[in-house]
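Here are the chains, one letter per residue:
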Amino acid sequence: MMINTDLVVLGGGPAGYVAAIQAAKLGLEVYLIEEDKVGGTCLNRGCIPTKALLQAAHVKDTVDQAQAFGIESSGQSQVKMEKVQSYKNAVVKQLVTGVEGLVKKNKVHLLKGHGAVLGPSIFSPNSGAVAVSPNDPKEEESIIVPKNVIIASGSRNKNLPNISIDEEYILSSTGLLEIGEIPKSIAIIGGGVIGVEFASFLARMGSQVTIIEYLDRLLANEGKNISQALAKNFKKQGITLKLNCQVDQAQVQDGQVLVSMNQGQDQEVFDKVLVAVGREPNIDNIGLHNTSIKYDKKGIEVNQHYQTKEGHIYAIGDAINTLQLAHVAMAEAKCAVDHIINKTSDPLNYTMLPRCVYSSPEIASVGYNQDNLPEDVEAKVGHFPLAGNGKALIEKASDGFIEVIRDQATDDLLGITIFGPHASEMISEGSLGLYLNAANEEVATTVHPHPSFSEALQEAALDAMEMAIHK
(Lines give C-alpha, C1' and ligand atoms only; values in the text may rest on other atoms or scores of the structure.)
Protein backbone atom coordinates (compact mmCIF):
# COMPACT_ATOMS: atom_id res chain seq x y z
CA MET A 1 0.00 0.00 0.00
CA MET A 2 1.36 3.43 -0.96
CA ILE A 3 0.26 6.64 0.75
CA ASN A 4 1.01 10.27 -0.13
CA THR A 5 0.90 12.78 2.71
CA ASP A 6 2.33 16.03 4.08
CA LEU A 7 4.41 14.76 6.99
CA VAL A 8 5.69 11.52 8.49
CA VAL A 9 6.99 11.53 12.05
CA LEU A 10 9.20 8.61 13.04
CA GLY A 11 8.76 7.99 16.77
CA GLY A 12 5.92 8.69 19.17
CA GLY A 13 7.82 9.99 22.20
CA PRO A 14 7.61 13.57 23.50
CA ALA A 15 9.39 14.94 20.43
CA GLY A 16 7.38 12.89 17.94
CA TYR A 17 3.86 13.15 19.27
CA VAL A 18 4.22 16.89 19.94
CA ALA A 19 5.49 17.43 16.38
CA ALA A 20 2.62 15.36 14.96
CA ILE A 21 -0.08 17.14 16.96
CA GLN A 22 1.39 20.58 16.33
CA ALA A 23 1.57 19.95 12.58
CA ALA A 24 -1.97 18.54 12.48
CA LYS A 25 -3.30 21.59 14.35
CA LEU A 26 -1.70 23.77 11.67
CA GLY A 27 -3.42 21.93 8.86
CA LEU A 28 -0.99 19.21 7.73
CA GLU A 29 -1.95 15.59 7.14
CA VAL A 30 0.34 13.63 9.46
CA TYR A 31 1.32 9.99 9.87
CA LEU A 32 2.95 9.08 13.20
CA ILE A 33 4.95 5.84 13.23
CA GLU A 34 5.59 4.15 16.60
CA GLU A 35 6.80 0.60 17.30
CA ASP A 36 5.78 0.52 20.94
CA LYS A 37 3.50 2.72 23.03
CA VAL A 38 3.07 6.42 22.38
CA GLY A 39 4.90 8.54 24.93
CA GLY A 40 8.22 6.87 24.19
CA THR A 41 10.88 6.32 26.82
CA CYS A 42 9.87 9.40 28.83
CA LEU A 43 6.31 8.35 29.48
CA ASN A 44 6.76 4.58 29.61
CA ARG A 45 10.30 3.91 30.88
CA GLY A 46 11.75 7.24 32.00
CA CYS A 47 10.49 10.60 33.23
CA ILE A 48 7.03 9.63 34.44
CA PRO A 49 7.57 6.21 36.06
CA THR A 50 10.79 7.31 37.78
CA LYS A 51 9.11 10.39 39.23
CA ALA A 52 6.21 8.22 40.42
CA LEU A 53 8.68 6.00 42.28
CA LEU A 54 10.42 9.07 43.69
CA GLN A 55 7.06 10.37 44.93
CA ALA A 56 6.43 7.06 46.69
CA ALA A 57 9.84 7.39 48.36
CA HIS A 58 8.99 10.96 49.37
CA VAL A 59 5.76 9.80 51.00
CA LYS A 60 7.67 7.11 52.90
CA ASP A 61 10.17 9.72 54.02
CA THR A 62 7.37 11.96 55.26
CA VAL A 63 5.71 9.14 57.21
CA ASP A 64 9.03 8.11 58.77
CA GLN A 65 9.64 11.70 59.93
CA ALA A 66 6.14 12.22 61.32
CA GLN A 67 7.32 12.32 64.95
CA ALA A 68 9.50 15.33 64.18
CA PHE A 69 6.25 17.23 63.53
CA GLY A 70 4.55 15.94 66.67
CA ILE A 71 2.64 13.14 64.93
CA GLU A 72 2.93 9.83 66.72
CA SER A 73 3.07 6.71 64.56
CA SER A 74 3.39 3.00 65.25
CA GLY A 75 6.91 2.78 63.81
CA GLN A 76 8.69 2.68 60.46
CA SER A 77 6.55 2.46 57.36
CA GLN A 78 6.54 -0.75 55.34
CA VAL A 79 7.26 -0.75 51.60
CA LYS A 80 4.94 -2.94 49.54
CA MET A 81 6.60 -2.82 46.12
CA GLU A 82 3.71 -4.60 44.41
CA LYS A 83 1.40 -1.75 45.43
CA VAL A 84 4.02 0.88 44.59
CA GLN A 85 4.32 -0.63 41.13
CA SER A 86 0.54 -0.66 40.71
CA TYR A 87 0.41 3.04 41.59
CA LYS A 88 3.24 3.82 39.15
CA ASN A 89 1.68 1.76 36.35
CA ALA A 90 -1.70 3.42 36.82
CA VAL A 91 -0.12 6.86 36.38
CA VAL A 92 1.70 5.74 33.23
CA LYS A 93 -1.40 4.07 31.78
CA GLN A 94 -3.54 7.16 32.32
CA LEU A 95 -1.02 9.41 30.60
CA VAL A 96 -0.45 7.01 27.68
CA THR A 97 -4.21 6.82 27.18
CA GLY A 98 -4.35 10.61 27.30
CA VAL A 99 -1.68 11.02 24.63
CA GLU A 100 -3.36 8.41 22.42
CA GLY A 101 -6.57 10.40 22.80
CA LEU A 102 -4.86 13.64 21.80
CA VAL A 103 -3.35 11.98 18.72
CA LYS A 104 -6.77 10.69 17.69
CA LYS A 105 -8.54 13.97 18.51
CA ASN A 106 -6.17 15.86 16.22
CA LYS A 107 -6.71 13.37 13.39
CA VAL A 108 -3.12 12.17 13.31
CA HIS A 109 -2.82 8.79 11.58
CA LEU A 110 -1.07 6.49 14.08
CA LEU A 111 0.64 3.42 12.61
CA LYS A 112 2.07 0.80 14.96
CA GLY A 113 5.22 -0.61 13.41
CA HIS A 114 8.83 0.02 12.48
CA GLY A 115 9.57 2.85 10.08
CA ALA A 116 12.69 3.23 7.92
CA VAL A 117 13.64 5.99 5.51
CA LEU A 118 14.17 4.92 1.88
CA GLY A 119 16.53 6.36 -0.67
CA PRO A 120 15.50 7.53 -4.15
CA SER A 121 13.28 4.86 -5.71
CA ILE A 122 10.27 4.29 -7.91
CA PHE A 123 8.18 5.78 -5.11
CA SER A 124 10.03 9.09 -4.97
CA PRO A 125 12.93 10.72 -6.87
CA ASN A 126 14.30 11.97 -3.53
CA SER A 127 15.14 10.25 -0.27
CA GLY A 128 12.41 10.42 2.32
CA ALA A 129 9.78 7.85 1.47
CA VAL A 130 9.16 5.76 4.59
CA ALA A 131 8.61 2.00 4.66
CA VAL A 132 6.48 0.87 7.59
CA SER A 133 6.63 -2.75 8.73
CA PRO A 134 3.53 -3.25 10.92
CA ASN A 135 3.69 -4.96 14.29
CA ASP A 136 0.77 -7.11 13.22
CA PRO A 137 2.15 -9.64 10.71
CA LYS A 138 -1.34 -9.92 9.17
CA GLU A 139 -1.14 -6.33 7.98
CA GLU A 140 0.68 -5.40 4.80
CA GLU A 141 3.73 -3.15 4.65
CA SER A 142 3.06 0.48 3.78
CA ILE A 143 5.14 2.91 1.76
CA ILE A 144 4.43 6.50 2.75
CA VAL A 145 5.64 9.29 0.50
CA PRO A 146 5.59 12.56 2.47
CA LYS A 147 6.61 16.07 1.59
CA ASN A 148 8.60 16.19 4.84
CA VAL A 149 9.90 13.76 7.46
CA ILE A 150 10.68 14.39 11.12
CA ILE A 151 12.94 11.80 12.75
CA ALA A 152 12.15 11.56 16.47
CA SER A 153 13.42 8.05 17.11
CA GLY A 154 14.55 8.71 20.68
CA SER A 155 17.30 6.95 22.59
CA ARG A 156 18.12 3.77 24.46
CA ASN A 157 20.16 2.82 27.51
CA LYS A 158 23.90 2.92 26.93
CA ASN A 159 25.75 -0.22 27.97
CA LEU A 160 29.30 -0.93 29.12
CA PRO A 161 31.20 -3.41 26.93
CA ASN A 162 32.51 -5.38 29.90
CA ILE A 163 29.18 -5.82 31.69
CA SER A 164 26.30 -8.04 30.61
CA ILE A 165 22.84 -6.82 31.66
CA ASP A 166 20.48 -9.68 32.54
CA GLU A 167 17.70 -7.53 34.11
CA GLU A 168 17.70 -9.86 37.13
CA TYR A 169 20.91 -9.10 38.99
CA ILE A 170 22.53 -6.56 36.67
CA LEU A 171 19.88 -4.07 35.63
CA SER A 172 19.32 -1.23 33.20
CA SER A 173 17.04 1.63 34.25
CA THR A 174 14.23 -0.16 32.40
CA GLY A 175 14.70 -3.29 34.50
CA LEU A 176 14.98 -1.39 37.76
CA LEU A 177 11.62 0.27 37.12
CA GLU A 178 10.00 -3.16 37.32
CA ILE A 179 11.67 -4.53 40.48
CA GLY A 180 9.44 -6.53 42.79
CA GLU A 181 11.36 -5.78 45.98
CA ILE A 182 13.92 -3.29 47.23
CA PRO A 183 17.42 -4.83 47.25
CA LYS A 184 19.33 -4.77 50.53
CA SER A 185 22.36 -3.41 48.68
CA ILE A 186 22.90 -2.04 45.20
CA ALA A 187 25.76 -0.52 43.22
CA ILE A 188 24.80 2.20 40.76
CA ILE A 189 27.37 2.58 38.01
CA GLY A 190 27.12 6.19 36.89
CA GLY A 191 26.71 9.42 38.84
CA GLY A 192 24.76 11.36 36.24
CA VAL A 193 21.09 12.33 36.42
CA ILE A 194 19.72 8.79 36.05
CA GLY A 195 22.05 7.31 38.65
CA VAL A 196 21.47 10.12 41.13
CA GLU A 197 17.67 9.92 40.86
CA PHE A 198 17.61 6.15 41.35
CA ALA A 199 20.01 6.51 44.29
CA SER A 200 17.55 8.91 45.93
CA PHE A 201 14.68 6.47 45.40
CA LEU A 202 16.48 3.35 46.58
CA ALA A 203 18.18 4.89 49.61
CA ARG A 204 14.93 6.33 50.94
CA MET A 205 13.24 2.97 50.38
CA GLY A 206 15.81 1.28 52.61
CA SER A 207 18.53 0.03 50.28
CA GLN A 208 22.22 0.45 51.01
CA VAL A 209 23.32 2.39 47.93
CA THR A 210 26.81 2.80 46.49
CA ILE A 211 27.36 5.12 43.50
CA ILE A 212 30.41 4.31 41.38
CA GLU A 213 31.43 7.21 39.14
CA TYR A 214 34.36 7.34 36.72
CA LEU A 215 34.71 11.13 37.01
CA ASP A 216 35.72 13.04 40.13
CA ARG A 217 32.21 14.29 40.92
CA LEU A 218 28.50 13.67 40.56
CA LEU A 219 26.43 15.52 37.94
CA ALA A 220 29.37 16.68 35.86
CA ASN A 221 27.09 18.86 33.71
CA GLU A 222 26.12 21.02 36.67
CA GLY A 223 28.28 23.47 38.61
CA LYS A 224 30.94 22.13 40.96
CA ASN A 225 29.16 23.69 43.94
CA ILE A 226 26.10 21.56 43.16
CA SER A 227 28.23 18.42 42.90
CA GLN A 228 29.81 19.17 46.27
CA ALA A 229 26.50 19.96 47.97
CA LEU A 230 24.87 16.82 46.60
CA ALA A 231 27.81 14.62 47.62
CA LYS A 232 27.66 16.02 51.16
CA ASN A 233 23.91 15.49 51.37
CA PHE A 234 24.06 11.96 49.95
CA LYS A 235 26.70 10.98 52.49
CA LYS A 236 24.38 12.25 55.27
CA GLN A 237 21.69 9.97 53.81
CA GLY A 238 24.05 7.00 54.07
CA ILE A 239 24.82 6.75 50.35
CA THR A 240 28.39 5.62 49.66
CA LEU A 241 30.26 7.43 46.87
CA LYS A 242 33.17 5.94 44.95
CA LEU A 243 34.43 8.74 42.71
CA ASN A 244 37.36 8.53 40.28
CA CYS A 245 36.49 4.86 40.12
CA GLN A 246 36.48 2.63 37.06
CA VAL A 247 34.44 -0.58 36.93
CA ASP A 248 36.36 -3.46 35.38
CA GLN A 249 33.62 -6.06 35.43
CA ALA A 250 30.52 -7.29 37.27
CA GLN A 251 29.94 -11.01 37.66
CA VAL A 252 26.93 -12.83 39.08
CA GLN A 253 28.02 -15.32 41.74
CA ASP A 254 25.70 -17.27 44.06
CA GLY A 255 22.79 -14.88 43.70
CA GLN A 256 24.84 -11.71 44.16
CA VAL A 257 27.07 -9.53 41.99
CA LEU A 258 30.83 -9.20 42.46
CA VAL A 259 31.99 -5.82 41.18
CA SER A 260 35.70 -5.37 40.41
CA MET A 261 37.06 -1.83 40.24
CA ASN A 262 40.28 0.02 39.43
CA GLN A 263 42.06 -2.90 37.76
CA GLY A 264 41.13 -5.34 40.49
CA GLN A 265 42.39 -3.21 43.37
CA ASP A 266 38.89 -2.95 44.82
CA GLN A 267 36.16 -5.61 44.93
CA GLU A 268 32.75 -5.55 46.54
CA VAL A 269 29.64 -7.73 46.54
CA PHE A 270 26.12 -6.32 46.03
CA ASP A 271 22.66 -7.83 45.76
CA LYS A 272 22.00 -5.85 42.55
CA VAL A 273 23.84 -3.59 40.14
CA LEU A 274 22.29 -0.80 38.09
CA VAL A 275 24.11 0.36 34.95
CA ALA A 276 23.23 4.04 34.52
CA VAL A 277 25.91 5.45 32.23
CA GLY A 278 23.65 7.51 30.00
CA ARG A 279 21.69 7.04 26.81
CA GLU A 280 22.52 6.86 23.09
CA PRO A 281 20.41 7.74 20.05
CA ASN A 282 18.22 5.16 18.32
CA ILE A 283 19.36 5.88 14.78
CA ASP A 284 21.12 2.75 13.58
CA ASN A 285 18.17 0.91 12.03
CA ILE A 286 15.97 3.62 10.52
CA GLY A 287 17.46 3.77 7.03
CA LEU A 288 19.83 6.71 7.37
CA HIS A 289 22.38 4.85 5.24
CA ASN A 290 19.93 5.22 2.34
CA THR A 291 20.29 9.00 2.49
CA SER A 292 23.01 11.63 2.48
CA ILE A 293 22.19 12.58 6.08
CA LYS A 294 25.28 12.98 8.27
CA TYR A 295 25.30 11.25 11.65
CA ASP A 296 27.58 9.61 14.20
CA LYS A 297 27.23 7.81 17.51
CA LYS A 298 26.17 11.07 19.19
CA GLY A 299 23.26 11.62 16.83
CA ILE A 300 22.08 13.12 13.57
CA GLU A 301 23.66 16.35 12.36
CA VAL A 302 21.15 19.20 11.95
CA ASN A 303 21.14 22.97 11.49
CA GLN A 304 19.48 25.50 13.80
CA HIS A 305 16.08 24.68 12.27
CA TYR A 306 16.61 20.89 12.79
CA GLN A 307 17.05 20.21 9.08
CA THR A 308 19.43 17.42 8.13
CA LYS A 309 21.65 17.63 5.07
CA GLU A 310 18.51 16.67 3.14
CA GLY A 311 16.45 19.76 3.85
CA HIS A 312 13.02 18.10 3.79
CA ILE A 313 14.11 15.61 6.48
CA TYR A 314 14.33 16.95 10.04
CA ALA A 315 15.59 15.37 13.27
CA ILE A 316 14.76 16.30 16.86
CA GLY A 317 14.88 15.06 20.44
CA ASP A 318 17.29 12.37 21.56
CA ALA A 319 18.05 11.53 17.91
CA ILE A 320 20.28 14.63 17.81
CA ASN A 321 23.13 15.78 20.04
CA THR A 322 21.32 18.25 22.29
CA LEU A 323 20.05 18.11 25.89
CA GLN A 324 18.30 14.77 26.43
CA LEU A 325 15.27 16.24 28.19
CA ALA A 326 11.61 15.78 27.29
CA HIS A 327 10.75 19.47 27.45
CA VAL A 328 13.71 20.25 25.20
CA ALA A 329 12.52 17.65 22.70
CA MET A 330 9.04 19.19 22.74
CA ALA A 331 10.47 22.66 22.09
CA GLU A 332 12.56 21.31 19.20
CA ALA A 333 9.44 19.66 17.77
CA LYS A 334 7.56 22.94 17.64
CA CYS A 335 10.53 24.70 16.02
CA ALA A 336 10.84 22.01 13.33
CA VAL A 337 7.13 22.15 12.51
CA ASP A 338 7.24 25.95 12.44
CA HIS A 339 10.06 25.80 9.91
CA ILE A 340 8.25 23.23 7.74
CA ILE A 341 5.16 25.41 7.53
CA ASN A 342 6.60 28.93 7.60
CA LYS A 343 10.09 28.25 6.19
CA THR A 344 11.52 30.01 9.22
CA SER A 345 11.75 29.56 12.99
CA ASP A 346 13.40 31.24 15.95
CA PRO A 347 16.41 29.12 16.97
CA LEU A 348 16.34 27.73 20.49
CA ASN A 349 18.76 29.19 23.00
CA TYR A 350 19.71 26.08 24.96
CA THR A 351 21.23 28.16 27.75
CA MET A 352 17.73 29.42 28.56
CA LEU A 353 16.21 25.94 28.88
CA PRO A 354 15.73 24.65 32.43
CA ARG A 355 17.52 21.51 33.67
CA CYS A 356 16.10 19.52 36.57
CA VAL A 357 17.27 16.59 38.68
CA TYR A 358 14.50 15.01 40.76
CA SER A 359 16.78 13.75 43.49
CA SER A 360 16.33 14.46 47.17
CA PRO A 361 17.04 17.35 47.47
CA GLU A 362 15.92 18.45 44.03
CA ILE A 363 18.25 20.40 41.76
CA ALA A 364 17.24 22.84 39.05
CA SER A 365 19.16 25.38 37.00
CA VAL A 366 18.73 27.67 34.03
CA GLY A 367 21.18 29.91 32.26
CA TYR A 368 24.83 30.02 33.29
CA ASN A 369 26.43 28.73 36.47
CA GLN A 370 29.68 29.84 38.10
CA ASP A 371 31.75 27.37 36.08
CA ASN A 372 30.62 28.20 32.54
CA LEU A 373 30.23 31.98 32.52
CA PRO A 374 31.57 33.75 29.41
CA GLU A 375 35.08 35.06 30.08
CA ASP A 376 34.21 38.64 29.13
CA VAL A 377 31.39 38.92 31.68
CA GLU A 378 31.97 40.41 35.11
CA ALA A 379 29.36 38.64 37.18
CA LYS A 380 28.11 38.93 40.73
CA VAL A 381 26.73 35.82 42.44
CA GLY A 382 23.91 36.20 44.92
CA HIS A 383 23.57 33.34 47.40
CA PHE A 384 20.84 32.63 49.91
CA PRO A 385 20.73 29.58 52.18
CA LEU A 386 17.35 27.92 52.79
CA ALA A 387 18.26 27.89 56.48
CA GLY A 388 17.14 31.55 56.42
CA ASN A 389 13.78 30.78 54.80
CA GLY A 390 10.68 30.38 56.96
CA LYS A 391 8.89 27.88 54.72
CA ALA A 392 11.99 25.69 54.54
CA LEU A 393 12.21 25.64 58.34
CA ILE A 394 8.51 24.80 58.59
CA GLU A 395 9.01 21.80 56.31
CA LYS A 396 12.29 20.83 58.00
CA ALA A 397 13.95 21.13 54.59
CA SER A 398 16.51 23.85 55.16
CA ASP A 399 19.56 22.00 53.77
CA GLY A 400 19.84 23.85 50.49
CA PHE A 401 20.41 27.17 48.76
CA ILE A 402 19.56 29.36 45.79
CA GLU A 403 22.08 31.23 43.64
CA VAL A 404 21.38 34.05 41.23
CA ILE A 405 24.02 35.36 38.83
CA ARG A 406 23.80 38.90 37.46
CA ASP A 407 25.89 40.86 34.97
CA GLN A 408 27.36 43.73 37.00
CA ALA A 409 27.66 45.97 33.95
CA THR A 410 24.09 45.57 32.64
CA ASP A 411 22.20 44.01 35.60
CA ASP A 412 21.04 41.28 33.20
CA LEU A 413 19.92 38.05 34.81
CA LEU A 414 22.45 35.41 33.72
CA GLY A 415 21.52 32.27 35.61
CA ILE A 416 19.75 30.68 38.54
CA THR A 417 20.61 27.50 40.43
CA ILE A 418 18.33 25.96 43.06
CA PHE A 419 19.36 23.16 45.43
CA GLY A 420 16.47 22.15 47.64
CA PRO A 421 12.79 21.22 47.82
CA HIS A 422 10.48 22.19 44.95
CA ALA A 423 13.42 23.30 42.82
CA SER A 424 11.85 21.87 39.65
CA GLU A 425 8.75 24.03 40.22
CA MET A 426 10.52 27.24 41.23
CA ILE A 427 12.95 27.25 38.31
CA SER A 428 10.20 28.33 35.92
CA GLU A 429 10.41 31.86 37.32
CA GLY A 430 14.05 31.93 36.26
CA SER A 431 13.21 30.49 32.84
CA LEU A 432 10.60 33.17 32.27
CA GLY A 433 13.00 35.84 33.46
CA LEU A 434 15.70 34.78 30.99
CA TYR A 435 13.16 34.42 28.17
CA LEU A 436 11.95 37.98 28.77
CA ASN A 437 15.53 39.27 29.14
CA ALA A 438 14.75 40.37 32.69
CA ALA A 439 17.08 42.42 34.83
CA ASN A 440 18.17 40.95 38.14
CA GLU A 441 16.59 43.96 39.88
CA GLU A 442 13.20 43.02 38.41
CA VAL A 443 13.38 39.63 40.12
CA ALA A 444 14.68 41.23 43.32
CA THR A 445 11.87 43.80 43.51
CA THR A 446 9.00 41.52 42.49
CA VAL A 447 6.88 40.89 45.56
CA HIS A 448 6.98 37.20 46.49
CA PRO A 449 4.44 35.60 48.84
CA HIS A 450 5.32 34.98 52.48
CA PRO A 451 6.03 32.39 53.66
CA SER A 452 7.22 30.59 50.54
CA PHE A 453 10.34 28.95 49.17
CA SER A 454 10.28 31.48 46.33
CA GLU A 455 11.24 34.22 48.79
CA ALA A 456 14.69 32.65 48.86
CA LEU A 457 14.98 33.34 45.13
CA GLN A 458 14.13 36.98 45.72
CA GLU A 459 16.68 37.15 48.54
CA ALA A 460 19.37 35.62 46.31
CA ALA A 461 18.61 38.24 43.64
CA LEU A 462 18.84 40.95 46.31
CA ASP A 463 22.13 39.45 47.51
CA ALA A 464 23.50 39.77 43.98
CA MET A 465 22.99 43.52 44.54
CA GLU A 466 24.35 43.28 48.11
CA MET A 467 20.88 44.19 49.38
CA ALA A 468 19.62 40.92 50.93
CA ILE A 469 17.37 41.56 53.94
CA HIS A 470 17.48 38.20 55.69
CA LYS A 471 21.14 37.37 55.25
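Note on numbering: residues in each chain are counted from 1, in written sequence order. Residue-level local features of this predicted model are given only where pLDDT is at least 70; pairs of side-chain atoms are given and counted only at 80 or more, and the full residue set underlies all totals for whole chains, interfaces and linings. Note: side-chain values were computed over all heavy atoms of the structure, leaving out hydrogens and water.

Quick note on the threshold: UniProt positions are given in the numbering used here, feature names are shortened, and annotations may be inferred rather than shown by experiment.
Identification of the chain as Dihydrolipoyl dehydrogenase from Aerococcus tenax is taken from an unreviewed UniProt entry. In its Sequence similarities (unreviewed entry) section, the UniProt record describing the chain reads: "Belongs to the class-I pyridine nucleotide-disulfide oxidoreductase family." On record in UniProt, under Subcellular location (unreviewed entry), the comment for the chain is "Cytoplasm".

Looking at the nonpolar core
The test is simple: Here, the term nonpolar core denotes a set of buried Ala, Val, Leu, Ile, Met, Phe, Trp, Tyr and Cys residues that are joined through side-chain atoms within 4.5 Å. To sort residues, take the accessible area from a 1.4 Å probe on protein chains only and compare it with the maximum for the residue type: under 20% means buried, over 50% means exposed, and anything in between is partly exposed. Where helices and strands are cited, they refer to DSSP runs of H or I of at least four residues and of E of at least two residues respectively, numbered from the N terminus. Residues count as neighbours in contact if any of their non-hydrogen atoms are within 4.5 Å of one another.
Of all hydrophobic cores here, the largest spans 50 residues; its most connected members are Val9, Val30, Ile150, Ile151, Ile300 and Ile316. Counting residues per element, the ones that place at least two in this core are β1 (2-10), α1 (14-25), β2 (30-34), α4 (81-105), β4 (130-134), β5 (142-151), β18 (313-315) and α8 (326-342). A per-element tally of this core places α1 first, with 8 residues. Those residues within four positions of Ile316 in sequence are excluded, and the remaining contacts are Ala15, Ala19, Ile150, Ile151, Ala152, Tyr306, Glu332, Ala333 and Ala336. Val196, Leu202, Ile211 and Ala276 belong to the second-largest nonpolar core, a separate cluster that totals 37 residues.

Remarks on the side chain of Glu34
Heads up, the condition is: Working convention for charge: Lys and Arg count positive, Asp and Glu count negative, and His plus the chain ends are omitted. Here, a salt bridge means any Lys or Arg side-chain nitrogen found within 4 Å of an Asp or Glu carboxyl oxygen. By the criterion applied in these results, polar contacts are pairs of N or O atoms within 3.5 Å in which, for protein atoms, one can donate a hydrogen and the other can accept it, and in which residues neighboring in sequence qualify only through two side-chain atoms.
Examined against the element boundaries, Glu34 turns out to sit in strand β2. In this structure, Glu34 is buried with no salt-bridge partner, the nearest side chain bearing the opposite charge being Arg45 at 6.3 Å. At 2.7 Å, the side chain of Glu34 forms a polar contact with the backbone nitrogen of Asp36. For Glu34, the contacting residues outside a window of four places in its chain are Gly11, Gly12, Gly13, Leu110, Leu111, Lys112, Gly113 and Asn135.

Describing the packing of helix α3 (residues 47-64) against helix α6 (residues 193-204)
Just so we agree on the cut-off: As a rule, the C-alpha atoms of each element are fitted with a line to give its axis, helices using only the stretch in contact, and angles between N-to-C directions run from 0 to 180 degrees. Helix crossings get a hand from a simple test, with the near helix turned counterclockwise from the far one by less than a right angle marking a left-handed crossing and a clockwise turn marking a right-handed one. Basically, the charged four are Asp, Glu, Lys and Arg, the nonpolar ten are Ala, Val, Leu, Ile, Met, Phe, Trp, Tyr, Cys and Pro, and anything else, Gly included, counts as polar.
Remark: α3 packs on α6, axes separated minimally by 9 Å, with the N-to-C direction vectors making an angle of 35°. Crossing angle aside, the handedness with which α3 passes α6 is left-handed. Mapping the contact onto sequence places Thr50, Lys51, Leu53, Leu54, Ala57, His58, Lys60 and Asp61 in α3 and Glu197, Phe198, Ser200, Phe201 and Arg204 in α6. Class assignment of the residues belonging to the contact of α3 with α6 gives a composition of 5 nonpolar, 3 polar and 5 charged.

Here we look at the UniProt feature "binding site: FAD" (unreviewed entry) in the chain
If you check UniProt for "binding site: FAD" (unreviewed entry), the listed places come out as Lys51, Gly115 and Asp318 in our numbering. Judged by maximum C-alpha separation, these annotated positions cover 268 residues in sequence and are scattered in space, the widest gap reaching 30.1 Å. Topologically, Lys51 is positioned in helix α3. You can call Lys51 partly exposed: its relative accessible area is 22%. Among the structural elements, Gly115 can be located in strand β3 (residues 109-117). If near-sequence neighbours (up to four positions away) are discounted, Gly115 is found in contact with Leu10, Ile33, Val130, Ala131, Val132 and Ile286.

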